[in-house]
Amino acid sequence: MLKTDIDKGISGEESDIDARKNAFGANTYPRKKGRSFLAFVWDACKDLTLIILMVAAAVSLALGIYTEGIKEGWYDGASIGFAVLLVIFVTATSDYKQSLQFQNLNEEKQNIQLEVVRGGRRIKVSIFDLVVGDVVPLKIGDQVPADGVLISGHSFSIDESSMTGESKIVNKDQKSPFMMSGCKVADGYGTMLVTAVGINTEWGLLMASISEDSGEETPLQVRLNGVATFIGIIGLSVAVAVLVVLLARYFTGHTYNPDGSPQYVKGKMGVGETIRGVVKIFTVAVTIVVVAVPEGLPLAVTLTLAFSMRKMMRDKALVRRLSACETMGSATTICSDKTGTLTLNQMTVVEAYFGGEKMDPPDNTQKLSAAVSTMIIEGIAQNTSGSIFEPEGGQAPEVTGSPTEKAILSWGLQLGMKFSETRSKSSILQVFPFNSEKKRGGVAVQGDSEVHVYWKGAAELILESCTSWIDKDGSKQSMTPEKVGEFKKFIEDMAVASLRCVAFAYRPCEMSDVPKEDQRADWVLPEDNLIMLGIVGIKDPCRPGVQDSIRLCAAAGIKVRMVTGDNLQTARAIALECGILTDPNVSEPTIIEGKTFRELSDLEREEVADKISVMGRSSPNDKLLLVKALRNRGHVVAVTGDGTNDAPALHEADIGLSMGIQGTEVAKESSDIIILDDNFATLVRVVRWGRSVYANIQKFIQFQLTVNVAALIINVVSAVSSGDVPLNAVQLLWVNLIMDTLGALALATEPPNNHLMQRPPVGRREPLITNIMWRNLLIMAFYQVAILLTLTFKGLTLLRLEHDNPAHAEILKNTFIFNTFVLCQVFSEFNARKPDELNIFKGIAGNKLFIAIIAITVVLQVLIIEFLGKFTTTVRLSWQLWLVSIGLAFVSWPLALVGKLIPVPDRPFLDMFTCCCPGKKEGMFHIACFL
C-alpha cells in the first residue's frame, strides 16, 4: 500500500517525496509560538524603579504645565518619560533578540541526522525530511525517528520509557513489531518501515502540546543576580539617605536657587510649587537607585552566553546546556576518546595475518586455500552492522557503517567479496551485536548443511577464547603455547605501529545445538573453543594539529587524558604520536589498563586517578569510575563519549561532550555540548569560549562598578553638602543606558584570544571580582570622583564663570561635569577590555561591535549636549570646553596604565578586611567592613 521496496526503500525522487508529504504530512510538528516583542516590553515595564520614575514623570509633567504653562512646563516630565521609555525599549529589544537566538539553537538541537535507504543506497537525511514509506536502519543508541513497524531485526529491543513512563526494555520481533517515535534502541540492530510522521505520531502529539523552555539560569547568572541584589540594597539605602537629607534641607530653607535665594520659603510657596520641588528631589533619589542597581549584570551574562553559543556553533560545537559554556572555562582535565577525536576516524586495513602467515599486501589471498578465503569473506559479510551498495553500471561500491566496519568491509571488497551475493548464500539465525563491555560481536549463520558462529573483536580477547587455528590450507591446528606467543607477538608489533588489532574466529555448530525458531531469542552464542581465522591491523592516523591543541591545553593548566578501548600498546603509540605522553618508557599508573583500575579500592582509585595519562582496554564503566575519582580530587572534568554506554560518564562529568558524527542519540542527550565534527581541536576552542564567557563578565563588572561607585559618591556628597546634585534624573538615565545595555553589548561580545589559554583554569570558588579588578576599579573610580567633585565645588572658578549669569553658569558647570563623566566612561570601557594587559587596543580591530558602540555613545553624547539641551537640562559647550572635557577623560587612560604596574597580593582583596570582624568569614561582612 505504501509503494515501498523493503530492501531498496522508496525511490528518493523529489516528486515521490513531495507526494508522500502531501498525503501523510511532514515529520515536523507545530511549535508553540515564542514570546512576542510586546511581551518583553511589558516585562521591562514591570521594573519597580522604572514604574516609580514614570509616575514621577507624569506628576512632573502635570505640575510643570500647571505652573509654567504648556509651552515651557512639559520639558522636565517629558524628558524623564522619554528616557525611561528608551531604557525600556532598548532592554526589551536586547532580550527579544536573545530569545530568538536560543529558539534557533533549540531547533538545531532537534535536527537529528539519520540514515535511510532510498533507491537501494543508504543516505543521511535530516529527521525533518523523513517521509512515510521510508526504510530506516536502526542500531543501538539510535532514536526511533517516527512511528513504524519492524521489517527485520536481530536482538532488537527498545526503551519505551519516554512514551510509557516505565523503564522496561521491550523486545521487538514479528509478533511485536510496532515502534513509537521518540523511543531509543536499547540493543541490537534492525530496519523499520515508517508508517506515520510528525503530528500523526504519538511523540508529535506530545511535543506539540509542550513548549521548549530556554529559561535556564546558569550558576554564574544566579551568582550575579545575588551580587546585583546586594548592590541594589546598598544603592537603595544611599538613595533613602539622600532623600531624607534633600527633603530636610529643602523644607528648612537650606536649598538655594542659582541666584542665592532659598528654593522654599515657609508660608510664601504655593502647593503646586512645593509639590514640584518635592517631586524633583524624589526623582533624583529614585534615579540614584536606577544607577546603583546593576541590572546589566544578568543581561551581560545572557548576551555573552548567546554570543558565545552562536560563535561556538560556527566553530562546530552545539551547546545543549547553557551552564556548560561557563563550566568549560574552569575545566582542569579532559578525558578524551581516541578514535575519531584524537584520530581522523579514516580507517584502513594495512596489515593482515591469516593462515599462520603475514599477508603482503594485506589483500593478497593467493597463499590461502579457497575454503579459508570463503570463510573469511562469509565472516566479514554476515558479521557486520555496515552495508555495501553495489550500483549498476560498474561504478565503485558505496560502503556505509561505523569507521571500523567500513575499513573491514572495504578490505573484504579487495579480497573479492560480493556483498549481496555472499549474504544471500546463508541465512542469519542469531546475532550478538558488538558490545563495548565485551569488545566483540558475533553472528550464527546457516549455510547449505552446517551452522557457523563467527566472532570478531579485540584481538587479545578473541585469542584467549581460541583453542585452535586454521592454517593456509584450511587444516585445523591446535593452539600451542608457541603459537599463542606468535599471535601475541604479531598483535604487539601491530600495536606498537599504532594499529587497531581486530581478530576473526569461528566455531562450527551442530544443528541439534541450535534452539528452535520460537526459542531462539534467548539463545546465547557460544564464545569458547573458537578457531582463530586471523588478525587485521587497522590504521587510523592522528588528526593534524592535535599535538598543538594538546600543547595549548598543557599551557592552559588542563591535563588531557586518553581513555580508549584499544590495547595498551596501541594506546601508548597513539598517545606518543599525539603528545599526551612524551616518554615511551612510562609505566603504571601513568598508563594503566581499565581492568587494573577497576579492581582498585575507591581510595586507591582517587590516589591513582591524578597520575593517569592513558587508560587502555577501558570499558564505559571504567571511564565513569575515572570521572568520579577525578571529581572527588577536586577536578573540573570534561569527558567525551559517543556510545550509549558512555551516557553515565557524560552525565557524571562536569561537562559531557558527545560526538556529532559517531555519537548515538542516547550519548547526545546525556551530554552538555555536541562536538559536531568529532575533532579534539574543536574541544579546545570550546575551552577558549568558556574562559571568554567568564573573562567578558569580569570586564563588564569592572566597568559597571567603576561607574556605580563614581556616580553614587558624586551625587551623595553633592546632595549632602549643597542640597543639589550635578547629575539630574535624565542624565543619570542616559549614563544607566550606556552602562547597562550598551556597555554589556560592547564588553560581553569580546571574542576569545590566545592570552586566555596562557593562564590557569578559573577555580570553582574563585571570587568574581579579582584583586586586579579591584585595583583597576578603585584607581578609575578615585580619579573620576576627584575631578568631578573638584568641578562640583570649584567649577565656577576653574571654568571662569564667576561673572556669568548665576543660573546659566550653574547649568554650564553641570553640563561640563555630565559631559566629562560620560567621556570618562568611554575611556573606562577601553580599560575594561584588557584588565591585566598594558596594551588595551590589542585586537580591537577584530571587535567591530565594540568600535560601533563606542562611536554610537560618543555621537549620541554630542547630540544630547548640542541639540537636546531642553530635555536634559544642558547647554551647548564651546569647543575649548569640549577639548578640556576630552582631556580630563583621556588622563584616566595613562593613569590606568600606571595603575596596572602596581603589584597586587594573591590574597582575595576583601579578606584583608576580616580584621574588623574576626571569625566572620561571610562575604557580606567583608563588603560592609570595606564600605
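Conventions adopted
Residues numbered from 1 in each chain as written. Predicted model: local features only at pLDDT ≥ 70, side-chain atom pairs only at ≥ 80, totals over all residues. Heavy atoms only, no water. UniProt positions renumbered as here; feature names shortened; annotations may be inferred. Phe/Tyr/Trp six-rings, centres within 6.5 Å; stacked < 30°, edge-to-face > 60°. Helix = DSSP H or I, 4+ residues; strand = E, 2+ residues; numbered from the N terminus. Buried < 20%, exposed > 50% of the residue type's maximum accessible area, 1.4 Å probe, protein only. Lys NZ or Arg CZ within 6 Å of the ring centre and 35° of its normal. Contact = heavy atoms within 4.5 Å. Pairing = 2+ DSSP bridges. Patch = residues over 30% accessible without salt bridge, like charges linked within 9 Å, V, L, I, M, F, W, Y side chains within 5 Å. Areas by Shrake-Rupley, 256 points an atom, 1.4 Å probe, with all protein chains shown as cover. Salt bridge = Lys/Arg side-chain N within 4 Å of Asp/Glu carboxyl O. Arc of directions from axis to C-beta. Domains from an automatic or database assignment. Buried area = accessible area lost by both parts, 1.4 Å probe. Polar contact = N/O pair within 3.5 Å; in protein donor to acceptor, adjacent residues only side chain to side chain. Disulfide = S-S within 2.5 Å.

- The protein chain is annotated in an unreviewed UniProt entry as Calcium-transporting ATPase from Aegilops tauschii subsp. strangulata.
- Among the UniProt annotations of the protein chain, the heading Function (unreviewed entry) holds the following wording: "Catalyzes the hydrolysis of ATP coupled with the transport of calcium."
- According to its UniProt record, the protein chain has this under Sequence similarities (unreviewed entry): "Belongs to the cation transport ATPase (P-type) (TC 3.A.3) family. Type IIB subfamily."

**As for the packing of aromatic side chains**
So, step 1. Applying the stated criterion to the full structure yields 17 aromatic pairs.
So, step 2. An angle of 70° between the planes, with centres 5.7 Å apart, marks the rings of Phe-37 and Tyr-96 as edge-to-face. In this pair, Phe-37 is assigned in helix H2 (residues 37-45) and Tyr-96 in helix H5 (residues 75-110), connecting sequence segments 59 residues apart.
So, step 3. Overall, Tyr-96 belongs to the partly exposed group, its relative accessible area being 26%.
So, step 4. Ring plane angle 80° and centroid distance 5.3 Å describe the contact between Phe-830 and Phe-850, whose orientation is recorded as edge-to-face. In this pair, Phe-830 sits in helix H27 (residues 806-833) while Phe-850 sits in helix H28 (residues 848-867), placing the two residues 20 residues apart along the sequence.
So, step 5. Take Phe-830: its relative accessible area is 15%, and that puts it in the buried class.
So, step 6. What makes Phe-850 buried here is its relative accessible area of 0%.
So, step 7. Pairwise contacts between aromatic rings join Phe-827, Phe-830, Phe-841, Phe-850, Phe-890 and Trp-893 into one cluster.
So, step 8. Over the aromatic face of Trp-455 sits the side chain of Arg-440, whose NZ or CZ is 5.9 Å from the ring centroid.
So, step 9. The ring of Phe-850 carries the charged tip of Arg-833 above its face, separated from the ring centre by 5.6 Å.

**Focus: the environment of Cys-335**
So, step 1. Its place among the elements puts Cys-335 in strand E9 (residues 333-336).
So, step 2. For Cys-335, a relative accessible area of 1% gives the class buried.
So, step 3. Excluding residues that lie within four positions of it along the chain, Cys-335 makes contacts with Arg-561, Val-563, Leu-626, Leu-630, Val-637, Ala-638, Val-639 and Thr-640.

**Examining the UniProt feature "transmembrane region" (unreviewed entry) in the protein chain**
So, step 1. Per the UniProt entry, the sites bearing "transmembrane region" (unreviewed entry) are residues 48-67, 73-92, 227-251, 281-307, 772-791, 849-869 and 881-902 in this numbering.
So, step 2. A helix fraction of 95% and a strand fraction of 0% characterise residues 849-869, whose end C-alpha atoms lie 28 Å from each other.

**With respect to the pairing of strand E15 (residues 440-446)**
Consecutive residues of a regular strand have side chains that alternate between opposite faces of the sheet.
So, step 1. With six of seven residues buried, E15 lies mostly within the body of the structure.
So, step 2. Bridge analysis of strand E14 (residues 427-435) against E15 gives six bridges, and the strand direction is antiparallel. Bridge pairing in E15 links Gln-430 to Ala-444.
So, step 3. What sits between the antiparallel neighbours E14 and E15 is a turn of four residues, in which Lys-439 has the positive phi angle 55°.
So, step 4. The pairing of E15 with strand E16 (residues 451-458) spans seven bridges and is classified as antiparallel. In the strand pairing of E16, Gln-446 is matched with Val-451.

**A word on a nonpolar patch on the surface**
So, step 1. Residues Leu-61, Ile-65, Ile-70, Trp-74, Ile-856, Val-859, Leu-860, Leu-863, Phe-867, Leu-868 and Phe-871 make up a contiguous nonpolar surface patch of about 920 Å² in total accessible area.
So, step 2. For the nonpolar patch, the element with the most residues is H28, which contributes five residues.
So, step 3. Residue placement: Phe-867 occurs in helix H28.
So, step 4. Among the residues examined, Phe-867 registers a relative accessible area of 56% and is labelled exposed.

**Details of helix H20 (residues 602-609)**
So, step 1. For H20, the full list of buried residues reads Arg-605, Val-608 and Ala-609. Angular distribution of buried residues about the axis of H20 spans 100°; they occupy a single face of the element.
So, step 2. Looking at the packing, one finds that the buried side of H20 touches strand E21 (559-563), strand E22 (591-593), helix H19 (594-598) and helix H21 (620-632).

**Looking at the pairing of strand E24 (residues 637-641)**
So, step 1. By the criterion of burial, E24 is predominantly enclosed, with five of the five residues buried.
So, step 2. Residue alternation in E24 divides its side chains into two sets, Val-637, Val-639 and Gly-641 and Ala-638 and Thr-640, and both sets are buried.
So, step 3. Bridging between E9 and E24 involves three bridges; their strand directions are parallel. Across the sheet, residue Ile-334 finds its bridge partner in E24, namely Ala-638.
So, step 4. In terms of strand pairing, E24 meets strand E25 (residues 655-659) through four bridges, oriented parallel. Residue pairing in the sheet places Gly-641 in a bridge with Ser-658 of E25.

**Quick notes on the side chain of Glu-837**
So, step 1. One can find Glu-837 in the loop between H27 and H28.
So, step 2. The class for Glu-837 is buried, based on a relative accessible area of 11%.

**A look at the domain arrangement of the protein chain**
As a measure of interface size, the accessible area lost when the parts come together is often cited.
So, step 1. Taken domain by domain, the protein chain comprises domain 1 (14-26 + 115-209), domain 2 (218-309 + 687-756 + 767-915), domain 3 (317-344 + 543-678) and domain 4 (348-539).
So, step 2. Measuring from the centre of the C-alpha atoms in domain 2 to the corresponding centre in domain 3 gives 47 Å.
So, step 3. Counting residues at the interface gives 11 residues for domain 2, matched by 10 residues for domain 3.
So, step 4. When domain 2 packs against domain 3, the two sides together hide about 1100 Å² of surface, and 70% of this comes from carbon and sulfur.
So, step 5. When the area that domain 2 buries against domain 3 is broken down by residue, the three leading residues are Met-309, Val-687 and Arg-691, summing to 51%.
So, step 6. One can count zero salt bridges joining domain 2 with domain 3.
So, step 7. Here domain 2 is connected to domain 3 by one residue pair in polar contact (both at pLDDT 80 or more).
So, step 8. For the side of domain 2 that touches domain 3, the secondary structure elements donating two or more residues are helix H8 (219-251), helix H10 (296-314) and helix H24 (680-722).
So, step 9. Sorting elements by how many residues they give to the side of domain 2 that touches domain 3 places H24 first, with four residues.

**Observations regarding the state of the cysteines**
So, step 1. One pass over the full model with this rule turns up zero disulfides.
So, step 2. Free cysteine Cys-335: the closest other cysteine sulfur is in Cys-553, separated by 12 Å.
So, step 3. Cys-501 takes part in no disulfide bond, and the closest cysteine sulfur to it belongs to Cys-466, at a distance of 14 Å.

**Thoughts on unusual backbone geometry**
So, step 1. The omega torsion of the bond from Asp-360 to Pro-361 falls at -5°, within 30 degrees of zero and hence cis.
So, step 2. Cis rather than trans, the peptide bond between Glu-588 and Pro-589 has omega equal to 0°.
So, step 3. Residue Asp-678 is not a glycine yet carries a positive backbone phi of 55°.
So, step 4. Position of Asp-678 relative to the elements: it lies in the loop between strand E26 (673-675) and H24.

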